[in-house]
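An overview of the molecular structure
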Amino acid sequence: MYSKTTIANLALAYLGQAPISSLQQDNEQARWLSLFYEPVRDEVLRTHDWAFATVEKPLVPLPTDTAQGQFVYVYPADALFIRRIYGLQDPHTPVPFEERFDVSSHARVLVTAVESAGVRYTRRMADETQYDPAFVKCFALALACDAALALTGDIDLSARLQQKYTLYLEEARRNNMSEGAFVSAQKDAFSEVR
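Scoring rules and cut-offs
Residues numbered from 1 in each chain as written. Predicted model: local features only at pLDDT ≥ 70, side-chain atom pairs only at ≥ 80, totals over all residues. Heavy atoms only, no water. Helix = DSSP H or I, 4+ residues; strand = E, 2+ residues; numbered from the N terminus. Rg over C-alpha atoms; globule rule 2.2 N^0.38 Å. Buried < 20%, exposed > 50% of the residue type's maximum accessible area, 1.4 Å probe, protein only. Contact = heavy atoms within 4.5 Å. Areas by Shrake-Rupley, 256 points an atom, 1.4 Å probe, with all protein chains shown as cover. Lys, Arg positive; Asp, Glu negative; His and termini not counted. Charge placed at Lys NZ, Arg CZ, Asp CG, Glu CD. Pairing = 2+ DSSP bridges. Axes fitted to C-alpha atoms, helices over the stretch in contact; angles between N-to-C directions. Polar contact = N/O pair within 3.5 Å; in protein donor to acceptor, adjacent residues only side chain to side chain. Parallel < 35°, antiparallel > 145°, perpendicular 65-115°, else oblique. Left-handed = near helix turned anticlockwise from the far one by under 90°.

Summing up its helical and strand segments, the protein has 4 helices and 7 strands in all. Its C-alpha atoms give the protein a radius of gyration of 20 Å, more than 25% over the compact-globule value 16 Å for 194 residues. The C-alpha extent of the protein, read off along each of the three principal axes, is 60 × 50 × 30 Å. Across the 194 residues that make up the protein, the buried fraction comes to 38%. Contacts in the protein between residues at least 24 apart in sequence constitute 70% of all its contacts with a sequence separation of at least 6. Put simply, the protein shows about 11200 Å² of open surface, and 53% of that area lies on carbon and sulfur atoms. For the protein, the centre of its 19 positive side-chain charges and the centre of its 25 negative side-chain charges are spaced 2 Å apart.

Encoded structure:
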């Protein structure tokens, strides 16, 4: 079971620093990691279509003039990265879309030519207990990269951690994608047996 403190301490271990008891602790390590924590988490979530953070659901339409063949939808509040939009009648075919700022509602919206649309996106995940182990390692490495200069002043360490993060992220992406392909193949095999 992961927590903010666990992830912060993994980052500190990569930096060769002593662990902390919480991000609210009154010391330099906790202050810097607390500052970087959420932006780095969201950035790492956006880098890949992580299975644990993926949402797929119908979009909520907004009332608009559809004379120009465009349909406007509410931008999901918890979305960090829109992966694709599709027609609900054909969920396997992605359709072009735009993200816009709607002046009348003062909010971001999604615009597409499909009337009944669904969306696949990566959501902001604040519950560390739901994190995949590969994501945790990537997140801790990215957190260490961002905090390295502030906590150690060592540019070489920061560069080595960045390289390690990049390599591990690629491996995590491959594993995450093959896991999804394996689960999909199992579902197909199961449906053929039935």
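For the rest of this paragraph, the subject is the sheet that holds strand S1 (residues 54–58). If you trace the 4 strands from one edge of the open sheet to the other, you get S1-S7-S3-S4, paired in antiparallel fashion. A single partner strand is all that each edge strand has here, and the edge strands are S1 and strand S4 (90–95). Strand-to-strand twist across the sheet, computed as the mean angle between neighbouring axes with direction ignored, equals 35°. Note that strand S3 (residues 79–87) and S4 share 3 bridges and pair antiparallel. The partner of glycine 87 across the bridge, within S4, is aspartate 90. The strands touched by helix H2 (residues 28–46) are S3 and strand S7 (117–123); relative to S3, the strand with the most contacts, the crossing angle is about 25°.

Moving on, we come to the sheet that holds strand S6 (residues 107–112). What the 3 strands build is an open sheet, ordered S2-S6-S5; its pairing is antiparallel. Since the sheet does not close on itself, it has two edges, and those belong to strand S2 (71–74) and strand S5 (97–102), each with one partner. In this sheet, adjacent strand axes meet at a mean angle of 35° when their direction is disregarded. Relative to S6, S5 runs antiparallel, the two being bridged by 6 bridges. Along S6, the bridge assignment pairs glutamate 98 with valine 111.

Here we take up the side chain of glutamine 29. Counting through the fold element by element, glutamine 29 comes out in helix H2. Separated by 2.9 Å, the side chains of glutamine 29 and glutamine 17 make a polar contact. Every residue in contact with glutamine 29, bar those within four places of it in the chain, is listed here: Leu12, Gln17, Ile20 and Leu151.

Glancing now at the packing of H2 against helix H3 (residues 133–152). Closest axis-to-axis distance for the H2/H3 pair is 9 Å, and the angle between their directions is 135°. As the angle between them shows, H2 and H3 are arranged oblique. As H2 runs across H3, the sense of the crossing is right-handed. Note on element contacts: H3 touches H2 through Phe135, Cys138, Phe139, Ala142, Leu143, Asp146, Ala147, Ala150 and Leu151, opposite Glu28, Gln29, Trp32, Leu33, Phe36, Tyr37, Val40, Arg41, Val44 and Leu45.

For the rest of this paragraph, the subject is the environment of asparagine 176. Position of asparagine 176 relative to the elements: it lies in helix H4 (residues 155–193). Sequence-wise, asparagine 176 and leucine 23 are 153 residues apart; in three dimensions their C-alpha atoms are separated by 29 Å.

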